[in-house]
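Structural features, examined
Spelled out, the chains give:
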Amino acid sequence: KGESISLRVERSKNAIEVMTIHKAKGLAFEAVIVPYFSNRLDHSPYKVPLLWSSSASQLLDYPGPLPVKYSQALQQTHFSDDYHKEKLEVYMDNLNVAYVAFTRPKRELVVIAEEPVENKDGIRPLNSVSDLLFDYMDCLDHLLRNIL
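Here the structure is a predicted model, which is why all the values come from computation and not from measurement.

With that out of the way, let us pick up helix α4 (residues 129-147). Between its first and last C-alpha, α4 extends 27 Å over 19 residues, near the 27 Å set by a 1.5 Å rise per residue. Along α4, the residues classified as buried are Val 129, Ser 130 and Asp 131. The inward-facing, buried residues of α4 contact α3 (80-102).

Another point: the pattern of salt bridges. Opposite charge on two side chains permits pairing when their charged atoms draw close. Enumeration according to the criterion identifies 5 salt bridges in this entry. Its salt-bridge partner being Glu 30, residue Arg 107 comes within 3.6 Å of it at the nearest N-O pair. Of this pair, Arg 107 sits in strand β4 (residues 105-111) while Glu 30 sits in strand β1 (residues 29-34); the two residues are 77 residues apart in sequence, bridging distant segments of the chain. With relative accessibility at 44%, the residue Glu 30 sits in the partly exposed group. Between Asp 141 and Arg 145 there is a salt bridge; the shortest N-O distance is 2.9 Å. Of the two residues, Asp 141 and Arg 145 are both situated in helix α4; the distance of 4 residues between them amounts to about one turn of the helix. Taken together, the shared-partner salt bridges connect Glu 30, Lys 106 and Arg 107 into one network.

On to α3, then. Here α3 contains 23 residues, and its C-alpha end-to-end distance of 33 Å stays within 8% of the 33 Å for a straight helix at 1.5 Å per residue. Regarding α3, the residues found buried are Ser 80, Asp 82, Tyr 83, Glu 86, Val 90, Asn 94, Val 97, Ala 98, Val 100 and Ala 101. Residues of α3 that are buried in the fold lie against α1 (21-24), β1, β2 (50-53), α2 (55-59), β4 and α4.

What follows is about the packing of aromatic side chains. Applying the stated criterion across every chain, the model contains 2 aromatic pairs. Both rings, one in Phe 37 and one in Phe 102, keep their centres 5.4 Å apart while their planes meet at 45 degrees; by these two values the pair is tilted. Note that Phe 37 is positioned in the loop between β1 and β2 and Phe 102 in helix α3, a separation of 65 residues in sequence. For Phe 37, a relative accessible area of 2% gives the class buried. Residue Phe 102 is classed as partly exposed on the basis of its relative accessible area of 26%. When the centroid spacing of 5.0 Å and the interplanar angle of 25 degrees are considered together, the rings of Tyr 70 and Tyr 83 count as stacked. Of the two residues, Tyr 70 is situated in the loop between β3 (66-69) and α3 and Tyr 83 in helix α3; the sequence distance between them amounts to 13 residues. You can call Tyr 70 buried: its relative accessible area is 6%.

So, about the packing of α3 against α4. At a minimum axis separation of 10 Å, α3 and α4 run at an interaxial angle of 65 degrees. In this structure, α3 contributes Asn 94, Leu 95, Ala 98 and Phe 102 to the contact, and α4 contributes Val 129, Leu 132 and Leu 133. Looking at the contact of α3 with α4 residue by residue, the class counts come to 6 nonpolar, 1 polar and no charged.

About the cut-offs
Residues numbered from 1 in each chain as written. Predicted model: local features only at pLDDT ≥ 70, side-chain atom pairs only at ≥ 80, totals over all residues. Heavy atoms only, no water. Helix = DSSP H or I, 4+ residues; strand = E, 2+ residues; numbered from the N terminus. Expected span 1.5 Å × (residues − 1). Buried < 20%, exposed > 50% of the residue type's maximum accessible area, 1.4 Å probe, protein only. Contact = heavy atoms within 4.5 Å. Salt bridge = Lys/Arg side-chain N within 4 Å of Asp/Glu carboxyl O. Phe/Tyr/Trp six-rings, centres within 6.5 Å; stacked < 30°, edge-to-face > 60°. Axes fitted to C-alpha atoms, helices over the stretch in contact; angles between N-to-C directions. Nonpolar A, V, L, I, M, F, W, Y, C, P; charged D, E, K, R; others polar.

Printed below as a string of structure tokens:
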């Protein structure tokens, strides 16, 4: 039962509120701390959606939508358009969650995220919103060091 019970606490200036980013939508706070920030850009490889493709069914002369598992491999098939549409939508959804989190504070924002790991070629792949954030901060740091 404990997971379905919520506590009613009065808002005060001397309180910390803990909530999901989704619950914070439309609200504003003096300061926001975002711990464990690691939202993936794309679907998790362990939880991929099923796409229902109408465009490919027309090409294959099939009367209804065809179910296909979301995967990079679809880029080289008749399902390419459906793959790219889904990828764009999931990227936008995940970036919008970051946008909500980053626009809640009035004065201070603290984001806690793991630093991206370089691959064997010395490149840091951009797989999550926090990877993009680190990349942006590195670019900004480089720019400021060269200007100043």
